[in-house]
Amino acid sequence: MSQPDLVVVGSGFFGLTIAERCANELDLNVLVLDRRHHLGGNAYSEPDAETGIEVHVYGAHLFHTSNDRVWEYVNRFTSFTNYQHRVFAKYQGQVYSFPMNLGLINQFFGKDHTPDEARELIKEQASEIATEDATNLEEKAISLIGRPLYEAFVKGYTAKQWQTDPTELSADIITRLPVRYTFNNRYFNDKYEGLPVDGYTAWLTRMADHPNIEVRLDTDFFDVADEFKGKVPIVYTGPVDEYFGNSEGRLSWRTVDLEPEVMQVDDFQGTSVMNYNDGDVPFTRIHEFKHFHPERDYAEAKGRTVIVREYSRAAEIDDEPYYPINTAEDREKLLKYRDLARKEPMVLFGGRLGTYKYLDMHMAIGSALSMFDNKLRPHFAEGAELTSGGVDE
């Protein structure tokens, strides 16, 4: 490809949606750069070498959405199974369905409650602390669900997630803790849900399969930036603070460490995800990937299964950032980065890392479609000025 019409930095869902739309709808030549050895960002999946079981390399990815447009769009590249995600939580040697629902409440308190009785029970326990008086995460959580449920299902898990005692975490980290007063144990409530029949990598590869799209892997944008900056529009989906050399200070992120292991059993835990809520268990959860695709044969995996233990911690400089921590200090820095982004010629910022927002897959795709509609199509098809920035307000 000679000089491209558009450069996309990052080949996750946001970047590939932009590339696909611009190539298919506008006939643009699009160059996609990714510093990893594969496309797909954190949604990348591959078969385990020993068992053939498809593993989500960067942690479990569950697709769900209530957005009709997003659902129609993604079905152009993959069909979906009827998988419905259900999570279970282990605490003091007992397993509970999760999120907190009527089944968990009855099991935990050892009594049959009607929905109204359960509401009154949680209301009474939560009355210990008024929500408006909460000064830290622990007090906020108790004000929402009461101390017994907090200590069992929030305290230990949260301490492991943040590597910090919940009494030292800000109350504004949580806005609510959902409790269902039914026996519904579906983790998501969206209209559409499922997993790509052929896996995430097959789906993402189809998005990039267009003669106008070139994907360059093992390529760090900052090593080649001078070839493109100021010469061609760029959609950047990496960390916004990294783009500006951390000039306003590093934003804080959480990362995860994933520890895979092949177990010599057909079935290790009986479900795809098990949370570990006890504070003395170092990992937050275990994924068992065979359960994500029960429709598959996996004949070569007979007598074996793949599990992945997940550990959460604050990201250091060389770690892959996963989730924005979003403290008050981070938000102040982000405002400064947004000002810089608006002044950066012909560069749009998007995706979870580029906007410093927690975006699920469907949200990243929807955001990319909006950027295409509102910024890229008007610029390339109608000659409208390309307004730099694009970091979500």
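All of these numbers come straight from a predicted model, not from anything done at the bench.

1. Some details on the overall build of the protein chain
Thinking step 1. For the protein chain, the helix and strand inventory stands at 13 helices and 16 strands.
Thinking step 2. In terms of principal-axis extent, the alpha carbons of the protein chain reach across some 70 × 55 × 35 Å.
Thinking step 3. A fraction of 73% describes how many contacts in the protein chain between residues 6 or more apart in sequence connect residues 24 or more apart.
Thinking step 4. Entry remark: accessible area of the protein chain is about 17,700 Å², with carbon and sulfur atoms responsible for 46%.
Thinking step 5. Here the protein chain contributes 41 positively and 65 negatively charged side chains, and the mean placements of these two sets differ by 3 Å.

2. A look at the environment of His113
Thinking step 1. Along the polypeptide, His113 turns up in the loop between α3 (102-109) and α4 (115-126).
Thinking step 2. Discounting chain neighbours no more than four positions away, the residues touching His113 are Leu102, Ile105, Asn106, Ala118 and Leu121.
Thinking step 3. Within the structure, the side chain of His113 is placed 3.0 Å from the backbone oxygen of Lys111, a separation counted as a polar contact.

3. Here's the deal with the packing of aromatic side chains
Thinking step 1. Enumeration according to the criterion identifies 34 aromatic pairs in this entry.
Thinking step 2. On the basis of an interplanar angle of 80° and a centroid distance of 5.4 Å, the ring pair of Phe80 and Trp203 is categorised as edge-to-face. You can see Phe80 sitting in the loop between α2 (68-74) and β6 (87-91) and its partner Trp203 sitting in helix α8 (residues 200-207), a full 123 residues away along the chain.
Thinking step 3. The exposure class of Phe80 is buried, given its relative accessible area of 15%.
Thinking step 4. Residue class for Trp203 comes out buried when judged on its relative accessible area of 0%.
Thinking step 5. Clustering of aromatic rings is evident, with ring pairs tying together Phe13, Phe63, Trp71, Phe80, Tyr192, Tyr200 and Trp203.
Thinking step 6. Just above the ring of Tyr358 sits the side chain of Arg352; from NZ or CZ to the centre is 4.4 Å.

4. Remarks on the layout of surface pockets
Thinking step 1. In this structure, the second largest pocket spans a volume of roughly 250 Å³.
Thinking step 2. As for the second largest pocket, its lining consists of 14 residues, and the residues nearest its centre are Arg35, Glu242, Ile317, Asp319 and Pro321.

5. Considerations on helix α11 (residues 328-343)
Thinking step 1. Taking 1.5 Å as the rise per residue, α11 with 16 residues should run 22 Å; its terminal C-alpha atoms sit 24 Å apart, in good agreement.
Thinking step 2. Within α11 the residues assigned to the buried category are Asp330, Lys333, Leu334, Tyr337, Arg338 and Ala341. Buried residues in α11, looked at end-on, bunch into an arc of 155°, giving them a common side. Opposite its buried face, α11 presents the exposed residues Glu329, Glu332 and Lys343, each directed more than 90 degrees away.
Thinking step 3. Of the surrounding elements, those touching the buried residues of α11 are α10 (240-243), β16 (347-349) and α12 (351-355).

6. What to know about the UniProt feature "domain: UDP-galactopyranose mutase C-terminal" (unreviewed entry) in the protein chain
Thinking step 1. The UniProt feature table records "domain: UDP-galactopyranose mutase C-terminal" (unreviewed entry) at residues 152-358.
Thinking step 2. Along residues 152-358 the backbone is 23% helical and 21% strand, and the end-to-end C-alpha distance reaches 26 Å.

7. A word on the packing of α3 against α4
Thinking step 1. Where α3 meets α4, the closest approach of the two axes is 11 Å, and the angle between their N-to-C directions is 65°. When the axes of α3 and α4 are compared, the pair comes out roughly perpendicular. In this structure, the crossing between α3 and α4 has a hand that is left-handed. Of α4, the residues touching α3 (which contributes Leu102, Ile105 and Phe109) are Pro115, Ala118, Leu121, Ile122 and Gln125.

8. Let's talk about the nonpolar core
Thinking step 1. Judged by nonpolar contacts, the single largest core of 86 residues is most densely connected at Phe13, Phe63, Val74, Phe153, Tyr200, Trp203 and Ile365.
Thinking step 2. Here this core gathers at least three residues from each of two domains, domain 1 (6-47 + 59-80 + 193-251 + 324-390) and domain 2 (98-173).
Thinking step 3. Not counting chain neighbours up to four residues away, the residues in contact with Phe63 comprise Val70, Trp71, Val74, Phe80, Glu193, Gly194, Leu195, Tyr200, Trp203, Met361, His362 and Ile365.
Thinking step 4. In terms of nonpolar packing, the next biggest core, distinct from the first, is built from 20 residues, Leu26, Val32, Phe372 and Leu376 among them.

Analysis parameters
Residues numbered from 1 in each chain as written. Predicted model: local features only at pLDDT ≥ 70, side-chain atom pairs only at ≥ 80, totals over all residues. Heavy atoms only, no water. Helix = DSSP H or I, 4+ residues; strand = E, 2+ residues; numbered from the N terminus. Contact = heavy atoms within 4.5 Å. Areas by Shrake-Rupley, 256 points an atom, 1.4 Å probe, with all protein chains shown as cover. Lys, Arg positive; Asp, Glu negative; His and termini not counted. Charge placed at Lys NZ, Arg CZ, Asp CG, Glu CD. Polar contact = N/O pair within 3.5 Å; in protein donor to acceptor, adjacent residues only side chain to side chain. Phe/Tyr/Trp six-rings, centres within 6.5 Å; stacked < 30°, edge-to-face > 60°. Buried < 20%, exposed > 50% of the residue type's maximum accessible area, 1.4 Å probe, protein only. Lys NZ or Arg CZ within 6 Å of the ring centre and 35° of its normal. 1 Å grid on protein atoms, 1.4 Å probe; cavity = no way out; pocket = protein on both sides within 12 Å on 5 of 7 lines; lining within 4 Å. Points joined across faces, edges and corners; volume = space filled by probe spheres on them. Expected span 1.5 Å × (residues − 1). Arc of directions from axis to C-beta. UniProt positions renumbered as here; feature names shortened; annotations may be inferred. Axes fitted to C-alpha atoms, helices over the stretch in contact; angles between N-to-C directions. Parallel < 35°, antiparallel > 145°, perpendicular 65-115°, else oblique. Left-handed = near helix turned anticlockwise from the far one by under 90°. Core = buried A, V, L, I, M, F, W, Y, C linked by side-chain atoms within 4.5 Å. Domains from an automatic or database assignment.

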